[in-house]
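Here is how the chains run, residue by residue.
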Amino acid sequence: MLNIPPATKILAGLFMFIHLMITGLSLTFIPDAENYAILFSGLVPASWTGAAPFFIWTPLTLLLFSFVHGGWLHLGINILMLLSIGSGMEKSIGIKKYLLIYAGGTFFAALSHIAFSPFSTMPIVGASGGVSALFGAMLYMMRADTSNSQGKDRFLPIVLIWIGISAIGGFLGAPNGSPVAWIAHIGGFLSGIGIMMILLKRHN
């Protein structure tokens, strides 16, 4: 834990703090705190297509949805993945590029979900899109390493396998039976590859 770089540590801490706060409010003063949190931060595609109300805070949900989670298991998986993938990425590329990939991946994950489920009124929450972007960026960075010839050969198969696993997971659903926004995961993942591709070209 002491070796986790600052941005990754702050993101993980924010996820935990927000979830603890919502849980605490649900058990004390505001029993419907979780519903309110999802109402104000959950991404609802139908709000962008006119099939559901568009509120003044709706534009903020394109990023806010990644800071709220639908239960302890959902939170735990995302924090574990963030720590395992994000720590190395932040140390390798620096805070600014790291946060750009996370925020950009979250944004494109939201757009992907809206594009494929434009009339869905079910809100989605969770950091999976941004974390998927970090994973995609990490894979492309490994591929771009000229000293790693195996990385180039394995890149496309790993990408296809990851997309396939995401799709299967989406059809099967979460362990608690809730649906999984698998298109958002894929959108974030592919955007992470794209953003890293642009960053490396600009660096060169």
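Predicted model only: the values in this text are computed from it and were never measured. (Residues numbered from 1 in each chain as written. Predicted model: local features only at pLDDT ≥ 70, side-chain atom pairs only at ≥ 80, totals over all residues. Heavy atoms only, no water.)

Draft legend 1. Structural view of the overall build of the protein chain. For the protein chain, the count of helices and strands is eight helices and zero strands. Starting at the N terminus and walking to the C terminus, you meet the elements of the protein chain as α-α-α-α-α-α-α-α. Whereas a compact globule of 204 residues would reach a radius of gyration of roughly 17 Å, the protein chain reaches 17 Å, a difference of no more than 12%. Over its C-alpha atoms, taken along the principal directions, the protein chain stretches across nearly 55 × 40 × 30 Å. Here the protein chain holds 204 residues, and the buried ones make up 42% of them. Considering only contacts within the protein chain whose residues lie at least 6 apart along the sequence, 76% involve residues at least 24 apart. Summed over its atoms, the accessible surface of the protein chain is roughly 11,200 Å², and 72% of this surface lies on carbon and sulfur atoms. Side chains of the protein chain give 9 positive and 5 negative charges; the mean places of these two sets differ by 15 Å. (Helix = DSSP H or I, 4+ residues; strand = E, 2+ residues; numbered from the N terminus. Rg over C-alpha atoms; globule rule 2.2 N^0.38 Å. Buried < 20%, exposed > 50% of the residue type's maximum accessible area, 1.4 Å probe, protein only. Contact = heavy atoms within 4.5 Å. Areas by Shrake-Rupley, 256 points an atom, 1.4 Å probe, with all protein chains shown as cover. Lys, Arg positive; Asp, Glu negative; His and termini not counted. Charge placed at Lys NZ, Arg CZ, Asp CG, Glu CD.)

Draft legend 2. Fine view of a nonpolar patch on the surface. On the surface, Phe29, Ile30, Tyr36, Leu39, Phe40 and Phe55 cluster together to form a nonpolar patch covering roughly 620 Å² of accessible area. Here Leu39 lies in helix H2 (residues 33-41). (Patch = residues over 30% accessible without salt bridge, like charges linked within 9 Å, V, L, I, M, F, W, Y side chains within 5 Å. Salt bridge = Lys/Arg side-chain N within 4 Å of Asp/Glu carboxyl O.)

Draft legend 3. Representation of helix H5 (residues 95-116). Between its first and last C-alpha atoms H5 spans 31 Å; for 22 residues at 1.5 Å apiece the expected length is 32 Å, and the two agree. Residues of H5 that are buried: Tyr98, Ile101, Tyr102, Gly104, Gly105, Thr106, Ala109, Ala110, Ser112, His113 and Ile114. (Expected span 1.5 Å × (residues − 1).)

Draft legend 4. Region of the structure containing the confidence of the model for the protein chain. In the predicted model, the protein chain carries a mean pLDDT of 91, and the fraction of residues at 70 or more is 93%. Here helix H7 (residues 149-172) stands out as the element of the protein chain with the lowest mean pLDDT, 82, in contrast to H5, whose mean of 97 is the highest. (pLDDT = per-residue confidence, 0-100.)

Draft legend 5. Spotlight on helix H1 (residues 6-27). The end-to-end C-alpha distance of H1 is 31 Å, a good match for the 32 Å that 22 residues give at a rise of 1.5 Å each. The inward-facing, buried residues of H1 contact H2, helix H4 (72-93) and H5.

Draft legend 6. The nonpolar core, seen in detail. Residues Phe15, Leu82, Met89, Tyr98 and Ile101 are the most contacted members of the largest nonpolar core, which totals 30 residues. Listed by contribution, the elements that provide at least two residues to this core are H1, H4, H5, helix H6 (128-144), H7 and helix H8 (182-203). Here this core gets seven residues from one element, more than from any other, and that element is H6. Grouped together as the second largest cluster of nonpolar side chains are nine residues, Phe65, Ala109, Ala110 and Ala181 included. (Core = buried A, V, L, I, M, F, W, Y, C linked by side-chain atoms within 4.5 Å.)

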